[in-house]
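A structural walkthrough
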Amino acid sequence: MDIFCIRAVSLGDLEKVLISHDGSGPGSGWFLDKIVIKHKNGEEAQEVVFPCNRWLDEYQDDGKTERELTANKDGSSMKTLLKGKSCFPTIVFYTIVFAV
């Protein structure tokens, strides 16, 4: 599992993500289970799950190294309240989890 934390302006409600790689180097393909994006803005936090369950590999599956993923609407997107307040009320913190 790979985790990336990004500090950015709010992107609003996320519905789709596009993920890809350039396929350079030997063994560059990889299997992507899902992408989980968690973000908090002030006291509110949200988690959005983008299932994939496919290879990003020119020699596996359908040979694609780019996928457009749609948010899971089956209860995987949820809002919860956080305790405490953010020091940066206009900045959103995104945590992106790649389950490989």
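Read on for a plain summary of the structure. This structure is a prediction, so every number in the text was calculated from the model and none was measured.

Quick look at the overall build of the chain now. On a plain count of helices and strands, the chain comes out with 0 helices and 7 strands. Each helix and strand of the chain, placed in order from N terminus to C terminus, yields the pattern β-β-β-β-β-β-β. Sorting the 100 residues of the chain into buried and exposed places 32% on the buried side. Across the chain, contacts joining residues at least 24 apart in sequence account for 67% of those joining residues at least 6 apart. Working note: accessible area of the chain is about 6,700 Å², and carbon and sulfur atoms make up 52% of it.

This brings us to the nonpolar core. Leu14, Val17, Ile19, Leu32, Ile35, Ile37, Val48, Phe50, Cys52, Leu56, Leu69 and Ala71 form the largest nonpolar core, which has 12 residues in total. Mapped onto this core, the elements with two or more residues apiece are strand S2 (16-20), strand S3 (30-41) and strand S4 (44-56). Among residues more than four places away in sequence, those in contact with Phe50 are Leu14, Glu15, Lys16, Val17, Lys34, Ile35, Ile37, Leu69, Thr70 and Ala71.

Here we take up the pattern of salt bridges. Counted under the stated rule, the structure contains 6 salt bridges. Salt-bridge contacts for Asp62 lead to Arg54; the nearest nitrogen and oxygen are separated by 3.1 Å. The class for Arg54 is partly exposed, based on a relative accessible area of 31%. Here Arg67 and Asp61 are joined by a salt bridge, their closest N and O atoms 3.6 Å apart. The class of Asp61 is partly exposed, set by a relative accessible area of 45%. One network of salt bridges, with partners in common, ties together Arg54, Asp61, Asp62 and Arg67.

Inspection of every chain in the model, using the stated rule, returns 1 aromatic pair. Ring centres of Phe31 and Trp55 lie 5.7 Å apart, and the angle between their planes is 75°; on these two criteria the pair is classed as edge-to-face. Of this pair, Phe31 sits in strand S3 while Trp55 sits in strand S4; the two residues are 24 residues apart in sequence, bridging distant segments of the chain. Classification of Trp55 as partly exposed rests on a relative accessible area of 30%.

Cut-offs applied
- Residues numbered from 1 in each chain as written.
- Predicted model: local features only at pLDDT ≥ 70, side-chain atom pairs only at ≥ 80, totals over all residues.
- Heavy atoms only, no water.
- Helix = DSSP H or I, 4+ residues; strand = E, 2+ residues; numbered from the N terminus.
- Buried < 20%, exposed > 50% of the residue type's maximum accessible area, 1.4 Å probe, protein only.
- Contact = heavy atoms within 4.5 Å.
- Areas by Shrake-Rupley, 256 points an atom, 1.4 Å probe, with all protein chains shown as cover.
- Core = buried A, V, L, I, M, F, W, Y, C linked by side-chain atoms within 4.5 Å.
- Salt bridge = Lys/Arg side-chain N within 4 Å of Asp/Glu carboxyl O.
- Phe/Tyr/Trp six-rings, centres within 6.5 Å; stacked < 30°, edge-to-face > 60°.

Purely geometric numbers; function is a separate question.
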